[in-house]
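Letter by letter, the chains look like this.
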Amino acid sequence: MRIIDPKDQRGKRLKKGKAGKKKKGSDSDDGSDEDWKASKSRKSGGGKKGGGKGGSGRGYARPLKLSPELSELVGEETAPRHEVVKRVWALIKERNLYDPKNKQFAICDDQFYKVFGVKRFRTFGMMKLLKDHFITE
């Protein structure tokens, strides 16, 4: 005979006798949060992770020198890559350069054509076209 709980919508058999089984990795029976608070405070120690020099200006966020064409488009001589992409997106939106048939693409005006070298490009792949305009020293 099956016992069906009205709250159990799937109609599975209820397990008998194992209701209070302890979960794996549970060390304390009293249910206190003291160990949780201690581990949480250790994790968010506030200190900087890893060693080395400073945290800003490395990797993707490092300001790079821009090519003359790109600096004319963006308006700065040096900028991090993510800022350049952000400004190019803003210019595309501001000048309404989206392809009316497919909004994933942008149609270049004269200034954009100098930088990208194509009449129409896929906006999500613009870093492939911009990478040659970042000058590393």
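Bear in mind that the values here come from a model prediction, so they are computed numbers and not experimental data.

Caption draft 1: Layout of helix 3 (residues 81–94). Taking 1.5 Å per residue, 14 residues should reach 20 Å; helix 3 reaches 20 Å between its end C-alpha atoms and fits that length. Within helix 3, burial applies to Val-84, Val-85, Val-88, Leu-91 and Ile-92. In a view along the axis of helix 3, the buried residues occupy a sector of 125°, so they form one face of it. Away from its buried face, by an angle of more than 90 degrees, helix 3 presents the exposed residues Lys-86, Lys-93 and Glu-94. Taken from the residues just after helix 3, Asn-96 is the one with a positive phi, measuring 50°.

Caption draft 2: Quick look at the nonpolar core. Formed by 21 residues in total, the largest nonpolar core has its most connected members in Leu-70, Val-84, Phe-112, Phe-116 and Leu-130. Contributing elements (two or more residues each) for this core: strand 1 (64–66), helix 2 (68–74), helix 3, helix 4 (110–116) and helix 5 (126–130). It is helix 3 that provides the largest number of residues to this core, a total of five residues. Val-84 has contacts with Leu-66, Leu-70, Val-74, Ala-79, Leu-130 and Phe-134, leaving out every residue within four places of it along the chain.

Caption draft 3: Structural context of the pattern of salt bridges. Scanning all chains against the criterion turns up four salt bridges. Between Glu-83 and Lys-86 there is a salt bridge, with its nearest N and O atoms 3.7 Å apart. Here the residue Glu-83 and the residue Lys-86 both occupy positions in helix 3, the gap between them amounting to three residues, near one helical turn. Relative accessible area serves as the criterion here: at 23%, Glu-83 is assigned to the partly exposed category. With a shortest N-O distance of 2.7 Å, Asp-99 and Arg-120 are connected by a salt bridge. Remark: Arg-120 occurs in strand 4 (residues 120–122) and Asp-99 occurs in the loop between helix 3 and strand 3 (105–107); sequence separation between them is 21 residues. Taking relative accessible area as the criterion, Asp-99 reaches 8% and is therefore assigned buried. Residue class for Arg-120 comes out partly exposed when judged on its relative accessible area of 41%.

Caption draft 4: The arrangement of the sheet that holds strand 2 (residues 78–79) in detail. Taking strand neighbours across the sheet as the criterion, the three strands line up as 2-1-5 in an open arrangement whose pairing is antiparallel. The outermost strands of the open sheet, each flanked by one partner alone, are strand 2 and strand 5 (134–135). In this structure, strand 1 lies alongside strand 2, joined through two bridges in antiparallel fashion. Paired with Lys-65 across the strands is Thr-78, a residue of strand 2.

Caption draft 5: Quick peek at the packing of aromatic side chains. In total, this model carries three aromatic pairs according to the counting rule given. The interplanar angle of 55° and the centroid separation of 5.8 Å between the aromatic rings of Trp-89 and Phe-124 together place this pair among those described as tilted. Within this pair, whereas Trp-89 is found in helix 3, its partner Phe-124 is found in the loop between strand 4 and helix 5, the two being separated by 35 residues in sequence. Looking at Trp-89, the relative accessible area reads 26%, which means it is partly exposed. Judged by its relative accessible area of 58%, Phe-124 falls in the exposed class. The interplanar angle of 10° and the centroid separation of 5.8 Å between the aromatic rings of Phe-112 and Phe-116 together place this pair among those described as stacked. With Phe-112 and Phe-116 both in helix 4 and four residues apart, the pair spans about one turn of that helix. For the pair Phe-112 and Phe-116, a shared accessibility class is recorded, and that class is buried. One aromatic cluster in this structure is built from Phe-112, Phe-116 and Phe-121. Seen from the ring of Tyr-113, Lys-119 lies directly overhead, with NZ or CZ sitting 5.8 Å from the centre.

About the thresholds
- Residues numbered from 1 in each chain as written.
- Predicted model: local features only at pLDDT ≥ 70, side-chain atom pairs only at ≥ 80, totals over all residues.
- Heavy atoms only, no water.
- Helix = DSSP H or I, 4+ residues; strand = E, 2+ residues; numbered from the N terminus.
- Expected span 1.5 Å × (residues − 1).
- Buried < 20%, exposed > 50% of the residue type's maximum accessible area, 1.4 Å probe, protein only.
- Arc of directions from axis to C-beta.
- Core = buried A, V, L, I, M, F, W, Y, C linked by side-chain atoms within 4.5 Å.
- Contact = heavy atoms within 4.5 Å.
- Salt bridge = Lys/Arg side-chain N within 4 Å of Asp/Glu carboxyl O.
- Pairing = 2+ DSSP bridges.
- Phe/Tyr/Trp six-rings, centres within 6.5 Å; stacked < 30°, edge-to-face > 60°.
- Lys NZ or Arg CZ within 6 Å of the ring centre and 35° of its normal.

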